[in-house]
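Working through the structure, step by step
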Amino acid sequence: QPPTPTESPAPFVAPPFCEDLRGRELINSFSTAIASKDGPLLASLVSPSSGMDVRYYRDGNVVNYDVEHAKFVFETTFQADWGLSFGSGEPTLGSFQEIILPSLQQVLTSNAVLVCNQIKVGCATYQALWPYPGMNYYSVHFPGTDQNGGLDWQTWAVGMDNVTGKPYLATLVHFVWEP
């Protein structure tokens, strides 16, 4: 029976993060934005309160894209400093489209392994730790190829910010095999 006019409806209570389908929907929209290089779509997914932190190396430099700058990541040639390469020790300089995009395009596929609130990695020489305590995230994992013995695995951990009850992209952290 419907509530009487004096009764207010029960407040919306979001399900626990890993059971809330909106996180997976955000990953799907993010995958679409990356595959189609759709800057306005990507910008609409970025946290309006904190922007989107991107780390190409798990312990590398953080590059933040606010909503306005996220619109142009597929066009800009701005050379960001992503940190020191674990292989050569040399600085990795390049634009989002040169450095980040190819990796995201490889990982964000229909056969990616999606895991909630744990970092899914392949064979690793380090302990993969989530650097944002208290922030919920998904691991989007590419298991690697047989011809490379799976050592070309990659994971992008996608941290999400809850703004007015809606999940947004807040951080991307890349994990790979390191020598």
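Provided above is the structure to which this section pertains.
A brief look at the structure comes next. (Residues numbered from 1 in each chain as written. Predicted model: local features only at pLDDT ≥ 70, side-chain atom pairs only at ≥ 80, totals over all residues. Heavy atoms only, no water.)

**Concerning the overall build of the protein chain**
Looking only at helices and strands, the protein chain features four helices and eight strands. Secondary structure elements of the protein chain, listed N to C terminal, follow the sequence α-α-β-β-α-β-β-α-β-β-β-β. By principal-axis analysis of the C-alpha atoms, the protein chain measures approximately 70 × 35 × 30 Å. Split into buried and exposed, the 179 residues of the protein chain put 43% on the buried side. Within the protein chain, contacts between residues at least 6 apart in sequence are counted, and of these 53% link residues at least 24 apart. A total of about 9,600 Å² of accessible surface is found on the protein chain, and carbon and sulfur atoms cover 54% of it. Positive and negative side-chain charges of the protein chain, numbering 8 and 17 respectively, have mean locations separated by a distance of 4 Å. (Helix = DSSP H or I, 4+ residues; strand = E, 2+ residues; numbered from the N terminus. Buried < 20%, exposed > 50% of the residue type's maximum accessible area, 1.4 Å probe, protein only. Contact = heavy atoms within 4.5 Å. Areas by Shrake-Rupley, 256 points an atom, 1.4 Å probe, with all protein chains shown as cover. Lys, Arg positive; Asp, Glu negative; His and termini not counted. Charge placed at Lys NZ, Arg CZ, Asp CG, Glu CD.)

**Examining the packing of aromatic side chains**
Scanning all chains against the criterion turns up seven aromatic pairs. Relative to Tyr 132, the ring of Trp 130 has its centre 5.4 Å away and its plane inclined at 50°; by these criteria the two rings are tilted. Taken together, the ring pairs in this structure connect Tyr 56, Tyr 57 and Phe 86 into an aromatic cluster. Between Arg 58 and the ring centre of Tyr 126, over which it is positioned, the NZ or CZ distance is 3.7 Å. (Phe/Tyr/Trp six-rings, centres within 6.5 Å; stacked < 30°, edge-to-face > 60°. Lys NZ or Arg CZ within 6 Å of the ring centre and 35° of its normal.)

**Some remarks on the environment of Gly 39**
For Gly 39, the position within the fold is in helix α2 (residues 39-45). On the basis of relative accessibility, which here comes to 3%, the residue Gly 39 falls in the buried class. Gly 39 sits 31 residues away from Ala 70 along the chain, and the two C-alpha atoms are 6.4 Å apart. Not counting residues up to four positions away in its chain, the partners in contact with Gly 39 are Ala 70, Lys 71 and Phe 74.

**Structural notes on the pairing of strand β1 (residues 52-55)**
On β1, burial covers both faces: Met 52 and Val 54 on one face and Asp 53 and Arg 55 on the other are all buried. Strand direction decides the pairing type here: β1 and strand β2 (residues 63-65), joined by three bridges, are antiparallel. The residue of β2 that forms the bridge with Val 54 is Val 63. Across three bridges, β1 lies against strand β8 (residues 166-176) in parallel orientation. From the neighbouring strand, Val 54 faces β8, where its bridge partner is Leu 172. (Pairing = 2+ DSSP bridges.)

**What to know about the sheet that holds β1**
Strand order across the open sheet formed by six strands is β2-β1-β8-β7-β6-β5, with mixed pairing between neighbours. For this open sheet the edge positions go to β2 and β5 (113-116), each flanked by a neighbour on one side alone. Averaged over all neighbouring strand pairs, the angle between strand axes comes to 20°, with direction disregarded. Note that β5 and strand β6 (residues 137-142) share four bridges and pair antiparallel. Pairing of Val 115 across the sheet is with Ser 139, part of β6. Of the strands in this sheet, β5, β6, β7 (154-163) and β8 are in contact with helix α1 (residues 21-36), which crosses β8 at around 65°. Contacts from helix α4 (residues 96-107) reach β1, β2, β6, β7 and β8, with the element oriented near 100° to β7. (Axes fitted to C-alpha atoms, helices over the stretch in contact; angles between N-to-C directions.)

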